[in-house]
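Here is how the chains run, residue by residue.
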Amino acid sequence: MTIYILTSDRTNWLIKGMQYCINKYWPDHTFPLSVKILGYKNLDFELDEGFEFISLGEDKGPNHVNLDLINFFNSIDDSNFIFTCDDFFPIRKINLHIFSALCKYMETDDISRIALDGHVNSKPYTIYKDYDSFKVVELSQIADYRKSAVWSIWSRDYFIKYLHGTSNLWEWELDTRCKHDGHNILGTIGEHAIQACHLIKRGKLKSDWFKDSESDDVMYIEDRLAIKQLIGDRFE
């Protein structure tokens, strides 16, 4: 399965840190996948093996991103894929047991999206499948953020269903037309496939950029130091 990570000319400095975290916490890409960076201008550094950069053209700003995504995802053959943005760094090793179970639901059930992190924890849901250490849950049709740019497995058709060429991803997330649309959105509670921090808010580095966005866990000190060394004065 392919991971698509969206970046921009303004934020592509984050990719060095994202690559470091994926390499460490998804070691040797232990589940068959490839990582494709969707950006604009070419990166000024080399990507590691297993990573590929794809240019979406000219970066015209956030209000043009959705059109770029529509055009790109309409051009590929993937029926399912993983999508996230460049500022959601994994901070713990991926739980392959949970990830493999969730992938099977995308293959066998009529599922439109599966959140891989703790995105659904604070939202209304019903139990879909009860495992020993975690539960797969279905997000309520009335829940907010049934669409989100956090780490998720997507059906391509559902990903582009509500994208509009004149809006940005924030507006796409807030768009409530996906409520009561009959599509099945899954996630997990208890444990999750991925734990990730969220670095950027309103265009600026958050003071707690190293904190898990859905729990009290934080990025290990050694990783914070490594990322600061990779990225440099962006963290000053």
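Parameters and conventions
Residues numbered from 1 in each chain as written. Predicted model: local features only at pLDDT ≥ 70, side-chain atom pairs only at ≥ 80, totals over all residues. Heavy atoms only, no water. Disulfide = S-S within 2.5 Å. Helix = DSSP H or I, 4+ residues; strand = E, 2+ residues; numbered from the N terminus. Buried < 20%, exposed > 50% of the residue type's maximum accessible area, 1.4 Å probe, protein only. Lys, Arg positive; Asp, Glu negative; His and termini not counted. Salt bridge = Lys/Arg side-chain N within 4 Å of Asp/Glu carboxyl O. Contact = heavy atoms within 4.5 Å. Phe/Tyr/Trp six-rings, centres within 6.5 Å; stacked < 30°, edge-to-face > 60°. Pairing = 2+ DSSP bridges. Axes fitted to C-alpha atoms, helices over the stretch in contact; angles between N-to-C directions.

## Some thoughts on the state of the cysteines
Phase 1: Evaluation of the coordinates by the stated rule reveals 0 disulfides.
Phase 2: Of all cysteine sulfurs in the structure, the one in C197 sits closest to C21, which takes part in no disulfide; the separation is 6.4 Å.

## A look at the side chain of D68
Phase 1: Along the polypeptide, D68 turns up in helix α2 (residues 65-73).
Phase 2: Buried charge D68 goes without a salt bridge, the closest partner of opposite sign being K60 at 6.6 Å.
Phase 3: Each residue touching D68, except ones within four places of it in the same chain, is listed here: Y40, L56 and E58.

## Here's the deal with the packing of aromatic side chains
Phase 1: Inspection of the entire model under this criterion finds 18 aromatic pairs.
Phase 2: When the centroid spacing of 4.8 Å and the interplanar angle of 55 degrees are considered together, the rings of F83 and F159 count as tilted. Taken together, the residues F83 in strand β4 (residues 80-85) and F159 in helix α4 (residues 156-161) connect sequence positions 76 residues apart. Here F83 and F159 have matching classes, each one buried.

## Details of the sheet that holds strand β1 (residues 2-6)
Phase 1: One open sheet accounts for 9 strands, arranged β3-β2-β1-β4-β9-β6-β10-β8-β7; its pairing is mixed. The outermost strands of the open sheet, each flanked by one partner alone, are β3 (51-55) and β7 (125-130). Across the sheet, the mean angle from the axis of one strand to that of its neighbour is 30 degrees, orientation sign disregarded.
Phase 2: Judged from the 5 bridges that link them, β1 and strand β2 (residues 34-39) form a sheet pairing that is parallel. Residue pairing across strands places I3 opposite V35, the latter belonging to β2.
Phase 3: Sitting on the sheet, helix α3 (residues 96-108) touches β4, β6 (113-115), β7, β8 (135-139), β9 (152-155) and β10 (185-189), and the angle it makes with β9 is about 10 degrees.

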